[in-house]
There are 2 protein chains.
Amino acid sequence: MLRDGRGWQFTLREVARRAGVSHAAPYKHFPDKAALLSELAARGYRHLQEDLIAALAPERRGSARARAIAVAKAYLDFGRGNPSLYELMFSSEIDKSCEASVREASSAVFALIVDILTRGQQAGEFKAVPVEGQAAALWSLLHGLTVLERGRRLPPSEGGLMPIDATIASLLQGLDA
Amino acid sequence: MLRDGRGWQFTLREVARRAGVSHAAPYKHFPDKAALLSELAARGYRHLQEDLIAALAPERRGSARARAIAVAKAYLDFGRGNPSLYELMFSSEIDKSCEASVREASSAVFALIVDILTRGQQAGEFKAVPVEGQAAALWSLLHGLTVLERGRRLPPSEGGLMPIDATIASLLQGLDA
DNA sequence: ACCTGAACACCGTTCAAGT
DNA sequence: ACCTGAACACCGTTCAAGT
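The shown structure was predicted, so the numbers you read here are calculated from the model rather than taken from an experiment.

With respect to the nonpolar core
Grouped together as the largest cluster of nonpolar side chains are 94 residues, with contacts concentrated most on A:F90, A:W139, B:F90 and B:W139. Each residue touching B:F90, except ones within four places of it in the same chain, is listed here: A:E87, A:V147, A:L148, B:Y45, B:Y75, B:D95, B:W139 and B:H143.

As structure tokens, this is what we get:
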């Protein structure tokens, strides 16, 4: 993403400039700007998935709850570390173009969340409710927290910037068996 | 919002065209495009607040849980009914400009959520945890659901498009005293 | 196959000038 | 909380032409 007078721009012409090619060159690789952005978004989802898997690894033998917390923290860190990319991944600019690559990559993230919750249910740690609903709730909570924290829509909490732990705990209590 | 070749555009020039004035006229009312968008976003938050209050009215004597559900449904309906405006309200385009009117209007929405939960805690219906964290969780869940549903990031659920009730129930169970 | 420069139809923004 | 038209420096996209 590129710095503009006031804000972040993403222009094909600037991309070409940085690549040291003419402004028409990108059209040899992508049909249009939306296609380039979709590719970026798909990579974003894959990158996120990798981060979540990496966070899961040390918790391999931990409780489902510990795994859920580890994944939640990694998710929030991804959003904080890649704010422009994260916003792109959920922008209507992306989902209107409806690229298969984006749908696949985001489905994989959802599947990962479903997997953690399913194991938790099987282990008797989480309530045995339809797991897609549970996963939708967890993902929604994580996405909402990411956006609200970034947009400073939540009041600054006493300790620092940390209603997050309490927030995740709230939801997880709803999941507990 | 204005229809473009492929997607939704919002251009000052088109606004001026529709208003039947010259393309320079908007600059007599707003310093720049960001300021106009901030004003729209602030109105969006106020409109949302009104919808939530309206949904609350018939539940005046109901349980805190019934009030929370009514507000959640009204929130989701607002997002579904005003998708472009809703996206604008949470875009980084808006929160970088950091307008006081936006912060005030969005704080009012947060305060409304806090109020419902506070009463629920006082009535002994909701768990007595720090209410800001509880409110952040509920708002995050609602925002996340709105975005994920709209972007079709959640798998189509069996009954129709309805993990929502289950999802809200999940969180509310976490809130139950 | 890959790139280029010119060209077209747009933008946001500014500004001197008109009421 | 007047507006206008010309002008500037950008965009995304296309296209004939070059290697």
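Notes on the protein's contact with DNA strand D
Residues in contact with DNA strand D amount to 19 residues; listed here are only the nearest, A:R13, A:R17, A:Y27, B:S22 and B:H29. The sugar-phosphate share of atoms of DNA strand D within 4 Å of the protein amounts to 51%. Here a base nitrogen of DNA strand D sits 2.4 Å away from a polar atom, N or O, in the side chain of A:R13. Between DNA strand D and the protein, one listed contact pairs a phosphate oxygen with a backbone N or O atom of B:S22 at 2.5 Å. Here the surface near DNA strand D takes three residues from helix α1 (residues 12-19) of chain A, the largest share from any one element. A per-class count over the surface near DNA strand D returns seven nonpolar, five polar and seven charged.

A short note on the pattern of salt bridges
Pairing is possible between side chains that carry opposite charge, provided their charged atoms lie close to one another. All names here are of chain A. Scanning the model with the defined rule gives 14 salt bridges over all chains in all. Between R119 and D115 there is a salt bridge, and its shortest N-O distance comes to 3.3 Å. Here R119 pairs with D115, and both are found in helix α6 (residues 100-122), just four residues apart, close to one helical turn. By relative accessible area, which is 42% here, R119 ends up partly exposed.

Observations concerning the environment of A:A55
Residue and element names in this part refer to chain A. With respect to the helices, strands and loops of the structure, A55 is situated in helix α2 (residues 33-56). In this structure the C-alpha to C-alpha distance between A55 and V71, which are 16 residues apart in sequence, comes to 6.0 Å. A55 has contacts with A70 and A74, leaving out every residue within four places of it along the chain.

Let's talk about the protein's contact with DNA strand C
Lining the immediate surroundings of DNA strand C are 19 residues, of which A:S22, A:H29, B:R13, B:R17 and B:Y27 lie closest. Protein-proximal atoms of DNA strand C, defined as those within 4 Å of the protein, fall in sugar or phosphate at a share of 51%. Residue B:R17 places a side-chain N or O atom 2.8 Å away from a phosphate oxygen belonging to DNA strand C. A distance of 2.8 Å is found between a phosphate oxygen of DNA strand C and a side-chain nitrogen or oxygen belonging to B:Y27. No other element matches the three residues that helix α1 (residues 12-19) of chain B contributes to the surface near DNA strand C. Residues that form the surface near DNA strand C fall into these classes: seven nonpolar, five polar and seven charged.

Re the confidence of the model for chain A
Overall, the predicted model of chain A reaches an average pLDDT of 87, with 84% of residues at or above 70. Residue range residues 1-7 of chain A is modelled with pLDDT below 50. Its contacts to residues more than four positions away, or to other chains, number 16 contacts.

Quick notes on the side chain of B:D95
Inspection of the secondary structure assignment puts B:D95 in helix α5 (residues 92-97). Comment: no salt bridge for buried B:D95; closest opposite-charge side chain is A:R153, at 4.3 Å. Apart from residues no more than four positions distant in its own chain, B:D95 is found in contact with A:R150, A:G151, A:R153 and B:F90.

Section: empty space enclosed by the protein
All names here are of chain A. Counted by the stated rule, this structure contains one cavity of 30 Å³ or more. Put simply, the largest cavity is a space of about 60 Å³. If you list the elements that add at least two residues to the lining of the largest cavity, you get α5 (92-97) and α6. Taken together, the residues that form the lining of the largest cavity break down as three nonpolar, one polar and five charged.

Procedures and definitions
- Starting afresh in each chain, residues are numbered from 1 along the sequence in its written order.
- Here every chain gets a letter starting at A, and every ligand a number starting at 1, in the order they are written.
- The predicted nature of this model means local features are confined to residues of pLDDT at least 70 and side-chain atom pairs, given and counted, to a pLDDT of 80 or more, with totals for whole chains, interfaces and linings taken over all residues.
- Side-chain measures were taken over the full set of non-hydrogen atoms in the model, leaving aside hydrogen atoms and water.
- Throughout this description, the term nonpolar core refers to a set of buried Ala, Val, Leu, Ile, Met, Phe, Trp, Tyr and Cys residues connected via side-chain atoms within 4.5 Å.
- With a 1.4 Å probe rolled over the protein chains alone, any residue whose accessible area is under 20% of its type maximum counts as buried; one over 50% counts as exposed, and the rest are partly exposed.
- The contact rule is simple, with two residues in contact once any of their heavy atoms fall within 4.5 Å.
- Nearness is judged by heavy atoms alone; a residue qualifies as near a molecule or strand once a single heavy atom is within 4 Å of it.
- Pairing of N or O atoms within 3.5 Å defines a polar contact, subject to two protein rules: one partner must be a possible hydrogen donor and the other a possible acceptor, and residues neighboring in sequence count only if both atoms are side-chain atoms.
- Helical segments are the DSSP runs of H or I of at least four residues, strand segments are the runs of E of at least two, and each set is numbered from the N terminus.
- Throughout, the ten residues Ala, Val, Leu, Ile, Met, Phe, Trp, Tyr, Cys and Pro are labelled nonpolar, Asp, Glu, Lys and Arg are labelled charged, and all others, Gly among them, are labelled polar.
- We define a salt bridge as a contact between a side-chain nitrogen of Lys or Arg and a carboxyl oxygen of Asp or Glu at a distance within 4 Å.
- Per-residue confidence from the prediction method is given by pLDDT, with values spanning 0 to 100.
- Neither His nor the chain ends is counted toward charge; the positive residues are Lys and Arg and the negative residues Asp and Glu.
- Here a cavity denotes a set of grid points, spaced 1 Å apart and computed over the protein atoms alone, in which a 1.4 Å probe fits but from which it cannot get out, and a pocket denotes an open set meeting protein on both sides within 12 Å along at least five of seven lines; residues with an atom within 4 Å of a point are reported as lining.
- Grid points are joined across faces, edges and corners, and a volume is the space filled by probe spheres set on the points.

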